[in-house]
Amino acid sequence: MNWNDSQQASDKEIQLELMEMGKFPRHIAIIMDGNGRWAVEKNMPRIAGHKEGIESVRDIVKACSQLGVQYLTLYAFSIENWKRPMSEVSGLMKLLEHYLRQEIDELNANGVRLRAIGKINSLPKVVQKLLKDSEVRTKDNQGLNLTLALSYSGRWDLVRAVQMIGLDIRRGKISPEDINEDLFASYLQTHDLPDADLMVRTSGEMRLSNFLLWEMAYGEIYISNKYWPEFRRDDIYAALSNYLQRERRYGKTSLQIANEKQNVSEESYLQRVFNAFKKS
Ligand code: FPP
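All figures in this text were calculated on a predicted structure; none of them were measured in a lab.

Student: Honestly, the overall build of the protein in this entry has me stumped. Any pointers?
Tutor: On a plain count of helices and strands, the protein comes out with nine helices and six strands. Taking 2.2 N^0.38 as the reference for a compact globule, 280 residues should give roughly 19 Å; the C-alpha atoms of the protein span a radius of gyration of 21 Å, in line with that estimate. Counting only C-alpha atoms and orienting by the principal axes, one finds that the protein spans roughly 70 × 60 × 35 Å. Out of the 280 residues belonging to the protein, those deemed buried represent 46%. The long-range fraction of contacts in the protein, counting pairs at least 24 apart against all pairs at least 6 apart in sequence, stands at 77%. When the accessible surface of the protein is split by element, carbon and sulfur atoms take 52% of a total near 15,600 Å². Positive and negative side-chain charges in the protein, numbering 39 and 38 respectively, have mean positions lying 4 Å apart.

If you want it as C-alpha cells, here you go:
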C-alpha cells in the first residue's frame with residue numbers, strides 16, 4: 001500500500017500546516033511507555049498492551065514518513081527489560097518477529113530504511129535473521145530512516161565505544177590525542193544517525209531511561225500523558241507543533257539566535273540578488 005495515495009485529505013491538510021510552521025526535527029526518538037498500564041487498566045494481560053502498541057508504531061511510522069521526517073528511532077526493548085518475567089519477554093520477541101515479517105514489504109515499498117541498534121546478538125536467532133534481512137533489503141531506500149533500539153541502553157553503548165577506542169589505541173590505529181567528540185561519536189552504534197532533536201516519551205513519565213544519552217545532549221524533550229497504545233498521529237502532530245514553537249539556543253542567548261537567523265535571511269537575499277544579476 002502506498003502511504004501517500006491512501007492518505008486522507010484532512011490529514012494532509014494538518015501535515016501541510018505543520019510543515020509551514022518551521023524546520024522539522026531531523027531526528028525524532030520515542031520512548032514508547034505505558035503499554036502495561038494501558039492493558040492492566042482494561043483488565044487485560046500486559047502483552048495485550050504491547051500488541052496494541054504495535055498499532056501505534058504502524059501509525060507513527062506512516063505519519064513520520066508522510067511528513068518527510070528523516071530519522072525516527074523507537075526504543076522497543078532496553079537491556080534492563082530482560083529482567084521482566086520470561087513470559088512477557090518471550091511475548092515481546094514474538095510480537096517483534098511478527099511485526100518484522102508482516103511489515104517489511106510495506107515499509108520497503110514506501111522507501112523506509114530499517115536498522116537496529118543494541119546488543120543484537122542477544123536477541124532470538126530468528127529475530128536477528130529477520131533484522132539482518134530487513135536491513136539488507138532496505139539499505140538503499142531514501143525515505144524515512146527507521147531505527148529500532150533493541151536490547152539497547154545508552155550506557156552500554158558508551159562503554160562499548162570506550163572499549164573499542166581502547167582496542168584501536170592498542171592496535172596503533174589511533175592515539176589518545178585523536179579523541180574528540182566527533183571521533184567518539186563515530187564509535188557509537190548511532191554513528192550513522194544525527195543527534196536526536198526531539199525525544200517524545202509517553203505515559204507522563206519524565207526520564208531518559210538510558211536512551212540515547214550521548215545523542216540527546218541538546219535534544220528537546222516532549223512528554224505526552226497518553227499511554228503508548230493510545231498515542232497516534234494526532235499526538236505526534238501535537239508534539240511537533242510544540243517543538244516548532246520552541247527556541248533552540250544550544251547555550252547561546254536569544255539575541256544571538258535572532259541575529260543568526262537575520263544573517264541567514266540577509267545572506268540568502270544577497271544570494272538571490274547576485275544570482276539575478278548573473279543571469280541578466
Ligand atoms: C514500555 O511499556 C514498552 C516496552 C518495554 C515495549 C515496547 C514494545 C512495543 C510497542 C511493541 C514492539 C515494538 C516494535 C517496534 C515492533 P511498559 O511495558 O514498560 O509499560 P508500563 O510502564 O505501563 O508497565
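Student: I tried to follow the site of the ligand on my own but got confused; where do I start?
Tutor: The full set close to the ligand counts 17 residues, and Met-32, Gly-36, Arg-37, Arg-46 and Arg-84 are the nearest of them. Gly-34 has a polar backbone atom sitting 3.3 Å from an oxygen atom of the ligand. Burial of the ligand by the protein amounts to 92% of the accessible area it has alone, namely 620 Å². With respect to the detected pockets, the ligand is housed in the largest pocket. Contributing elements (two or more residues each) for the shell around the ligand: α2 (35-41), α3 (46-67) and α4 (86-109). Broken down by class, the residue content of the shell around the ligand amounts to eight nonpolar, five polar and four charged.

Student: What is the right way to look at unusual backbone geometry in this model?
Tutor: Phi at Ser-203 takes a positive value of approximately 75 degrees, unusual for a residue other than glycine. As for its position among the elements, Ser-203 is in the loop between β5 (198-201) and β6 (220-223). Owing to a relative accessible area of 8%, Ser-203 belongs among the buried residues under this scheme. Positive phi values are uncommon outside glycine, yet Ser-209 reaches one of about 45 degrees. Structurally, the position occupied by Ser-209 is in the loop between β5 and β6. Given the relative accessible area of 28%, Ser-209 is considered partly exposed.

Student: So what exactly am I meant to see when it comes to the nonpolar core here?
Tutor: Most often, soluble globular proteins have nonpolar side chains that are buried together. The biggest cluster of nonpolar side chains holds 48 residues, and the ones touching the most others in it are Ile-30, Val-61, Leu-72 and Leu-146. No other element matches the nine residues that α4 contributes to this core. Discounting residues that sit within four places of it in the chain, Ile-30 has contacts with Ile-60, Leu-72, Thr-73, Leu-74, Tyr-75, Val-200, Phe-211, Trp-228 and Ile-236. Core analysis: the next-biggest nonpolar cluster, separate from the first, contains 11 residues, Tyr-75, Ala-149, Phe-211 and Met-216 among them.

Basis of the calculations
Residues numbered from 1 in each chain as written. Predicted model: local features only at pLDDT ≥ 70, side-chain atom pairs only at ≥ 80, totals over all residues. Heavy atoms only, no water. Helix = DSSP H or I, 4+ residues; strand = E, 2+ residues; numbered from the N terminus. Rg over C-alpha atoms; globule rule 2.2 N^0.38 Å. Buried < 20%, exposed > 50% of the residue type's maximum accessible area, 1.4 Å probe, protein only. Contact = heavy atoms within 4.5 Å. Areas by Shrake-Rupley, 256 points an atom, 1.4 Å probe, with all protein chains shown as cover. Lys, Arg positive; Asp, Glu negative; His and termini not counted. Charge placed at Lys NZ, Arg CZ, Asp CG, Glu CD. Near = heavy atom within 4 Å. Polar contact = N/O pair within 3.5 Å; in protein donor to acceptor, adjacent residues only side chain to side chain. 1 Å grid on protein atoms, 1.4 Å probe; cavity = no way out; pocket = protein on both sides within 12 Å on 5 of 7 lines; lining within 4 Å. Sits in = over half its atoms within 2 Å of the grid points. Nonpolar A, V, L, I, M, F, W, Y, C, P; charged D, E, K, R; others polar. Core = buried A, V, L, I, M, F, W, Y, C linked by side-chain atoms within 4.5 Å.

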